[in-house]
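What follows is each chain in one-letter form.
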Amino acid sequence: MGKSDFLSPKVIANRIKSKGLQKLHWYCQMCQKQCRDENGFKCHCMSESHQKKMLLASENPQQFMDYFSEEFRNNFLELLRRRYGTKRVHNNIVYNEYVSHREHIHMNATQWETLTDFTKWLGREGLCKVDETPKGWYIQYIDRDPETIHKQQEQKRKKKQDLDDEEKTAKFIEQQVRRGLEGKELEMLVYTELNRENKQEKVTFNLNKGASTSVAASSKTSVLGQNALKMVKGAVKRKAPHSSGQPQEKKKKSALDEIMELEEEKKRTSLRDYWLQPEIVVKIVTKKLGDKYHNKKAVVKEVIDKYAAVVRMIDSGHKLKLDQIHLETVIPAPGKKVMVLNGGYRGSEGILESINEKRFSVTITIDSGPFKGCRVEDILYEDVSKLA
């Protein structure tokens, strides 16, 4: 019988059968070949190419098992990170999605016999958070990417800055309340008993503008109430300051003026989430560009949309376009020129005087701009950088 024609029914049927997943029992991991039935798998095991690979694997079986285990772990974690992030998910859901790929590394070629053993191993190694429930094992990916950690630190710093601003506002309001109560005495209400000598007399209530006052019909009670009211008014009265012969005190600031000053100070000291400035020296911290540029210094030539910059490498002269999360400030030796990148003195140039390694801060003296001659202390490392 001759060879089947192109796209004949038999060829189409064979192509349909070859698509998708087949039985794992008939898969050879060494040759990465999937057989459709037991006879085909038997013929493959007797083939010369399979025998050669098995002889090669028998010389160092641990090396091949470690390789397959590492590939299985990396692919599984990459799928978990990309598909589910840091969400808590059932391990079987992730595994079913992983094995749906035809060319995946099978678990029977790794050091783990079951999915439960692999899940427990992820928990022991600290790669994922695992917990057992009546429905099975759940896993949660732990993201230890330096960029993610840096973003989390930035968010914590912003929250801390917001809390500091709220505390300042609360203290300011408390100070205003204390100032408003200064020199005033609280009016103490004097309560008198309502006595009636004759039980047949009626008690009348006079409601005037929403304020209720009780007046006794008896003359003794009304006289006592009026006397008590006069005593309270006399205690509340204050002596007026002498206008003649004494200089008038300096007019106090109103609450509106102090609020405006507080808002201006808040704007001056507020931090922004972008810090790039032209002509500053930065260090490349990302490893995605390779060892050729990692931990190398460059000069910012142009700032793009506040968060990106075109930098020129100092040693090679190459130009790169990088985001600010891939860059880091550079702290020079004392006596060198620096630029403030954040805070109220943003954009000011100065001379670095000292470095406080315990507090991760520096002290500078500004020599240009409206703040010339000011000595600023405790500026964080990330808010100042060396000038080119």
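Below is a short write-up of the structure. Residue numbers here run from 1 along each chain, matching the order of that chain's written sequence. pLDDT decides what is reported in this predicted model: residues at 70 or higher carry local features, side-chain atom pairs at 80 or more are listed and counted, and totals for whole chains, interfaces and linings draw on all residues regardless. The basis for every side-chain value is the complete set of heavy atoms in the structure, and neither hydrogens nor water enter the calculation.

A look at the packing of helix α4 (residues 61–84) against helix α6 (residues 115–124)
Alright, step 1. Geometry is summarised by axes, namely lines fitted to C-alpha atoms with helices restricted to the contacting stretch, and by angles between N-to-C directions that run from 0 to 180 degrees. Runs of H or I in DSSP of at least four residues are treated as helices and runs of E of at least two as strands, each being numbered from the N terminus. At a minimum axis distance of 13 Å, the contact between α4 and α6 shows a crossing angle of 80 degrees. Considering the angle they form, α4 stands roughly perpendicular to α6. Contact residues: Phe72, Arg73, Phe76 and Leu77 in α4; Phe118, Trp121 and Leu122 in α6.
Alright, step 2. Under the scheme applied, nonpolar residues are Ala, Val, Leu, Ile, Met, Phe, Trp, Tyr, Cys and Pro; charged residues are Asp, Glu, Lys and Arg; polar residues are all the others, including Gly. Of the residues assigned to the contact of α4 with α6, the class counts are 6 nonpolar, no polar and 1 charged. Every angle not falling under 35 degrees, over 145, or within 65 to 115 is termed oblique; those three ranges are roughly parallel, roughly antiparallel and roughly perpendicular. Whether two residues are in contact is decided by their heavy atoms: any pair within 4.5 Å suffices.

Focus on the pairing of strand β9 (residues 297–304)
Alright, step 1. For two strands to count as paired, DSSP must find a minimum of two bridges between them. For strand β8 (residues 281–284) and β9, the ladder comprises 3 bridges, and the chain directions are antiparallel. In the sheet register, valine 282 faces β9, and the bridge partner there is alanine 298.
Alright, step 2. In the sheet, β9 pairs with strand β10 (residues 308–313) via 6 bridges, with the strands oriented antiparallel. The residue of β10 that forms the bridge with valine 300 is valine 311.
Alright, step 3. Taking the residues that link successive antiparallel strands as the turn, the β9-β10 hairpin has 3 residues, and the phi of aspartate 305 there is positive, at about 55 degrees.

Remarks on a nonpolar patch on the surface
Alright, step 1. A cluster of nonpolar side chains, contributed by Ile173, Val177 and Leu181, occupies part of the molecular surface with about 280 Å² of accessible area.
Alright, step 2. Along the chain, valine 177 falls in helix α7 (residues 146–181).
Alright, step 3. Only protein chains enter the calculation, and the probe is 1.4 Å; a residue is then buried if its accessible area is under 20% of its type maximum, exposed if over 50%, and partly exposed in between. A relative accessible area of 48% means that valine 177 is categorised as partly exposed. Patches draw on residues past 30% relative accessible area with no salt bridge. Two like charges within 9 Å are joined, as are two nonpolar side chains (Val, Leu, Ile, Met, Phe, Trp, Tyr) within 5 Å. Computed with the Shrake-Rupley method and a 1.4 Å probe, the accessible areas treat only the protein chains shown as cover for residues. Here, a salt bridge means any Lys or Arg side-chain nitrogen found within 4 Å of an Asp or Glu carboxyl oxygen.

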